Amino acid sequence: MLSTDVSKGNTTASQWLERGNQLWRLNRYKEAVEAFGEVIRMKPSFVYLAHYGKGLALRWDGRNQEALAALENAVNHQDNFIPAWEELSHVYEELKQSQKALKTINKAILLQPNNPNLYNQKFTILNSLKMYEEAEAAIKKAIKLSHRAAFYMNLGIIYAEQEKWNLALVNYNQAIEINSQYANAYYNRGNVYRSHKKYDLAIAEYSKAIDINFQFVEAYLNRGILYQEQKKWDLAIADYNKAIAINPEFYSAYFHRGILYKAQEKWDLAIADFTKLIPINSQSAEVAYLNRGQIYDNQKKWDLAIADFTKLIAINPKFALAYNYRAIIYIEKKDKQKAIQDLQQAAQLYEAQRDTAAYKRVMELLKELQQ
């Protein structure tokens, strides 16, 4: 419900600002941007708040480049406005400009050195840069200022990424002690157990995370992978299905379900999953074409297999295995010359990649063809 009526034409800047804030909270981002724009047009003394609000709305609408300009306007109008500096660091981070993100969060910390949220954001940036020592210092500063479950979990993540498993567990345990309903902490504790092949413990942790948050797609995925490793196929498929139902664009769930169907020789189901992967992103297209091409080969649908390996080579001309597979199919089709060309290309790539075993295998096959 909007409390500000702007229909009479005499709306003040303060009223437009309040309307923008209300629209933003209602997730009506485009309308919020327009409302904040009215404030900016009127140029009140608090115009920096409108630039900030506009930046928030643009960011939440997925328009980060425009959000960047709005937030820079906010700090240009009010250099000591900490929320805008913090929000700027988030936008820079999302735009993969980590050094600028770090610079802006440091500016915010300089203005407000006892705000734990700012140190937590600094941790996130440093962690993405793999500056683990500095990230650890930042999150420990946040913990010193406020004993929050999320901060302990982040410290655990830092230790886990460095394979300091015991320290990671200590901090995940602390996070759960503070908040027994913290799904992410159970999930991350499960990841530690999984890394140590303590699969039953890991499954229990993922299950707890799902009990707390039934839409936790990564927990379904990881539990499914462990069920798959234990050959509990039906349970694995059920978890992949659930993850996909929650997020129909979840690349990893399609991939692992496709691999499982492939192992079970459920060719049509596997092909359907790998086909679904192709439009998601270039990385998923590579593995989709590779696996789908292998299935077509198993089905002796050689023209379809060749088409997939050819598409894979177009995406990644240095994918030696694709040339290798395509060459084998050309052999099946009695097309000796094309097989030789592909094997020669595969051999060059394997040699350049220092894959000695694959290089020797291909060279032996070449010699057989050239006799």
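Look up: the structure comes first, before these words.
Residues numbered from 1 in each chain as written. Predicted model: local features only at pLDDT ≥ 70, side-chain atom pairs only at ≥ 80, totals over all residues. Heavy atoms only, no water.

All right, on to the overall build of the protein then. Of the regular secondary structure elements, the protein holds 21 helices and zero strands. At 27 Å, the protein has a C-alpha radius of gyration far larger than the 21 Å of a compact globule built from 371 residues. Its C-alpha atoms put the protein at 85 × 50 × 40 Å along the principal axes. The buried share of the protein, taken over its 371 residues, is 47%. Long-range contacts, defined here as pairs at least 24 residues apart, represent 43% of the contacts in the protein between residues at least 6 apart. On the protein, roughly 19,300 Å² of surface is accessible, and the fraction owed to carbon and sulfur atoms is 49%. For the protein, the separation between the mean place of its 48 positive charges and that of its 41 negative charges on side chains is 1 Å. (Helix = DSSP H or I, 4+ residues; strand = E, 2+ residues; numbered from the N terminus. Rg over C-alpha atoms; globule rule 2.2 N^0.38 Å. Buried < 20%, exposed > 50% of the residue type's maximum accessible area, 1.4 Å probe, protein only. Contact = heavy atoms within 4.5 Å. Areas by Shrake-Rupley, 256 points an atom, 1.4 Å probe, with all protein chains shown as cover. Lys, Arg positive; Asp, Glu negative; His and termini not counted. Charge placed at Lys NZ, Arg CZ, Asp CG, Glu CD.)

Positionally, Asn281 belongs in the loop between α16 (267-277) and α17 (282-298). When the C-alpha positions of Asn281 and Tyr251 are compared, they lie 8.7 Å apart, and in sequence the two are 30 residues distant. From its side chain, Asn281 meets the backbone nitrogen of Ser284 in a polar contact 2.7 Å long. (Polar contact = N/O pair within 3.5 Å; in protein donor to acceptor, adjacent residues only side chain to side chain.)

With that settled, the discussion passes to α16. Three or more residues of α16 are buried, namely Ala270, Ile271, Asp273, Phe274 and Leu277. Relative to the axis of α16, the buried residues are bounded by an arc of 165° and lie together on one face. (Arc of directions from axis to C-beta.)

Let us now look at unusual backbone geometry. A positive phi is found at Asn27, a non-glycine position, where the angle reads about 65°. Summarising the element assignment, Asn27 is placed in the loop between α1 (13-25) and α2 (29-42). Among the residues examined, Asn27 registers a relative accessible area of 51% and is labelled exposed. In the Ramachandran plot, Lys130 falls in the positive-phi region, its phi being about 60° despite a non-glycine side chain.

On to the environment of Asn291, then. Here Asn291 shows up in helix α17. Given a relative accessible area of 7%, Asn291 falls into the buried group. Counting along the chain gives 38 residues from Asn291 to Ile329, while the straight-line C-alpha distance between them is 14 Å. Within polar-contact distance, the side chain of Asn291 engages the side chain of Lys262 at 2.8 Å.

Turning our eyes to something else, we now look at the nonpolar core. Tyr52, Leu88, Met153, Tyr172, Ala175 and Ala209 are the most contacted members of the largest nonpolar core, which has 126 residues in total. Looking at this core, the element that brings in the most residues is helix α9 (residues 149-161), giving nine residues. (Core = buried A, V, L, I, M, F, W, Y, C linked by side-chain atoms within 4.5 Å.)

It is worth spelling out the side chain of Gln121 at this point. Along the chain, Gln121 turns up in helix α7 (residues 116-128). Among the polar contacts made by the side chain of Gln121, one reaches the side chain of Glu93 at a distance of 3.1 Å. Apart from the residues within four sequence positions on either side, Gln121 is in contact with Ser89, His90, Glu93 and Ile105.

Let's shift gears to the pattern of salt bridges. Using the criterion set out here, one finds 17 salt bridges in the structure. In this structure, the salt-bridge partner of Lys140 is Glu136, at a minimum N-O distance of 2.8 Å. You can see Lys140 and its partner Glu136 sitting in helix α8 (residues 132-145), four residues apart, about one turn around the helix. Given a relative accessible area of 39%, Lys140 falls into the partly exposed group. Between Asp342 and Arg326 there is a salt bridge, with the nearest N and O atoms lying 2.6 Å from each other. You can see Asp342 sitting in helix α20 (residues 336-352) and its partner Arg326 sitting in helix α19 (residues 320-332), a full 16 residues away along the chain. Here the salt bridges share partners, and the residues they tie into one network are Lys30, Asp61, Arg63 and Glu66. (Salt bridge = Lys/Arg side-chain N within 4 Å of Asp/Glu carboxyl O.)

Looking now at the packing of aromatic side chains. Summed over all chains, the structure comprises seven aromatic pairs. Summarising the aromatic geometry, the rings of Tyr251 and Phe255 are spaced 6.3 Å apart at their centres and angled 15° between planes, so their arrangement reads as stacked. Here Phe255 and Tyr251 lie together in helix α15 (residues 251-263), a separation of four residues that amounts to about one turn. Measuring from centroid to centroid gives 5.4 Å for Phe309 and Tyr325, while their planes differ by 10°, and the two rings are stacked. In this pair, Phe309 sits in helix α18 (residues 302-315) while Tyr325 sits in helix α19, placing the two residues 16 residues apart along the sequence. Judged by relative accessible area, Phe309 falls into the buried class, the value being 0%. Members of the aromatic cluster, joined through ring pairs, are Tyr48, Tyr52 and Phe81. (Phe/Tyr/Trp six-rings, centres within 6.5 Å; stacked < 30°, edge-to-face > 60°.)

Moving on, we come to the packing of helix α10 (residues 165-178) against helix α11 (residues 183-195). Where α10 meets α11, the closest approach of the two axes is 9 Å, and the angle between their N-to-C directions is 155°. By the angle class used here, α10 and α11 are roughly antiparallel. Judged by the sense of rotation from one axis to the other, the crossing of α10 with α11 is left-handed. The segment α10 lies against α11, with Trp165, Ala168, Leu169, Tyr172, Asn173, Ala175 and Ile176 engaging Ala185, Tyr186, Asn188, Arg189, Val192, Tyr193 and Ser195. Considering only residue class, the contact of α10 with α11 consists of ten nonpolar, three polar and one charged. (Axes fitted to C-alpha atoms, helices over the stretch in contact; angles between N-to-C directions. Parallel < 35°, antiparallel > 145°, perpendicular 65-115°, else oblique. Left-handed = near helix turned anticlockwise from the far one by under 90°. Nonpolar A, V, L, I, M, F, W, Y, C, P; charged D, E, K, R; others polar.)

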